Amino acid sequence: MLNIFEKRFPSELNRNDEYYMSHAYNQALIAWEKDEVPVGAVVVQAGQIIASAHNQTRRTLDPTAHAEILAISQAAKYIGDWRLNECKLYVTKEPCPMCSGALVVSRIQGVYFGLNDPKMGCLGGAINLSNLPSSNHKFKVKGGILKKETHALLNAFFEKKRAEKKEKEAH
């Protein structure tokens, strides 16, 4: 029999990389529901999520409305400074060149992502902007967090889009 004092409440959960990535994953699910590419991001400072966002490029018709950019902007407003050197970003997919550049400029402490992107990822996939030799800021990068789940979500989204396109072309 389980002792009542052995139960774990949500506030007592181990706040590890998987914990924060699951919040980013939930943001990716919101993106899917809004017919956006399902990428989500959260910014964490001192163990607390201070910003969260999902892709919004289609809804806003703004090519810069990536989850990472939106979360970075929210976090900067929240802390009142453009320097995010005490913050970590969790994002479901390896950041693109634009987002990786913004992470360098924001002086983020670290970036943790799910699925790597060998074509356009700029934190180790296609190239690595996190440790450019002449850059005045370098940050920690860790990939593969909930990789299976984030990969399955993106695959399912694009399979759905291809099927919709095929069906549309057939009519």
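Residues numbered from 1 in each chain as written. Predicted model: local features only at pLDDT ≥ 70, side-chain atom pairs only at ≥ 80, totals over all residues. Heavy atoms only, no water.

Q: Go over the confidence of the model for the protein chain with me, naming the residues and quoting the values.
A: Predicted confidence across the protein chain gives a mean pLDDT of 92, with 92% of residues reaching 70 or more. When the criterion is pLDDT under 50, residues 1–7 qualifies, and its contacts beyond four places in sequence or with other chains add up to two contacts. (pLDDT = per-residue confidence, 0-100. Contact = heavy atoms within 4.5 Å.)

Q: So what about the nonpolar core? Which residues, and what values?
A: If you look at the biggest cluster of nonpolar residues, it comprises 25 residues, and the most contacted ones within it are Val43, Leu89, Val91, Leu103, Ile108, Val111 and Phe139. Looking at which element gives the most residues to this core, the answer is helix α3 (residues 67–79), with four residues. Beyond its immediate stretch of four places on either side in the chain, Val111 contacts Leu89, Val91, Pro95, Leu103, Leu123, Phe139, Lys140, Val141 and Lys142. Membership of the second largest hydrophobic core comes to nine residues, among which are Met21, Ala24, Tyr90 and Ile145. (Core = buried A, V, L, I, M, F, W, Y, C linked by side-chain atoms within 4.5 Å. Buried < 20%, exposed > 50% of the residue type's maximum accessible area, 1.4 Å probe, protein only. Helix = DSSP H or I, 4+ residues; strand = E, 2+ residues; numbered from the N terminus.)

Q: Residue-level account of helix α4 (residues 97–105), with values.
A: Considered for burial, the residues of α4 that qualify are Cys99, Ser100, Leu103 and Val104. Down the axis, α4 shows its buried residues gathered within 145 degrees of arc, on one side only. Against the buried residues of α4 lie α3, β3 (87–93) and β4 (110–115). At the exit of α4 stands Arg107, carrying a positive phi of roughly 60 degrees. (Arc of directions from axis to C-beta.)

Q: Go over the packing of helix α1 (residues 17–33) against helix α5 (residues 147–170) with me, naming the residues and quoting the values.
A: Between α1 and α5, whose axes approach to 11 Å, the crossing angle comes to 5 degrees. Judged by the inter-axis angle, α1 sits roughly parallel to α5. Along the contact surface, α1 presents Tyr25, Ala28, Leu29 and Trp32, while α5 presents Glu149, Thr150, Leu153, Ala156, Phe157 and Lys160. Across the contact of α1 with α5, the residue classes break down as seven nonpolar, one polar and two charged. (Axes fitted to C-alpha atoms, helices over the stretch in contact; angles between N-to-C directions. Parallel < 35°, antiparallel > 145°, perpendicular 65-115°, else oblique. Nonpolar A, V, L, I, M, F, W, Y, C, P; charged D, E, K, R; others polar.)

Q: Residue-level account of the environment of Lys147, with values.
A: Tracing the chain through its elements places Lys147 in helix α5. Separated by 31 residues in sequence, Lys147 and Asn116 place their C-alpha atoms 8.2 Å apart.

Q: A description of the packing of aromatic side chains should follow, citing residues and the corresponding values.
A: Scanning all chains against the criterion turns up five aromatic pairs. Arranged with centres 5.1 Å apart and planes meeting at 85 degrees, the rings of Tyr19 and Tyr20 form a pair that is edge-to-face. Residue Tyr19 shares its accessibility class with Tyr20, and that shared class is buried. Note on Phe157 and Phe158: the rings are 5.2 Å apart at their centroids and 80 degrees apart in plane angle, and the pair reads as edge-to-face. Residue classification places Phe157 among the buried residues on the basis of a relative accessible area of 0%. Three or more aromatic residues joined by ring pairs make a cluster, and in this case those are Tyr19, Tyr20, Tyr90 and Tyr112. (Phe/Tyr/Trp six-rings, centres within 6.5 Å; stacked < 30°, edge-to-face > 60°.)

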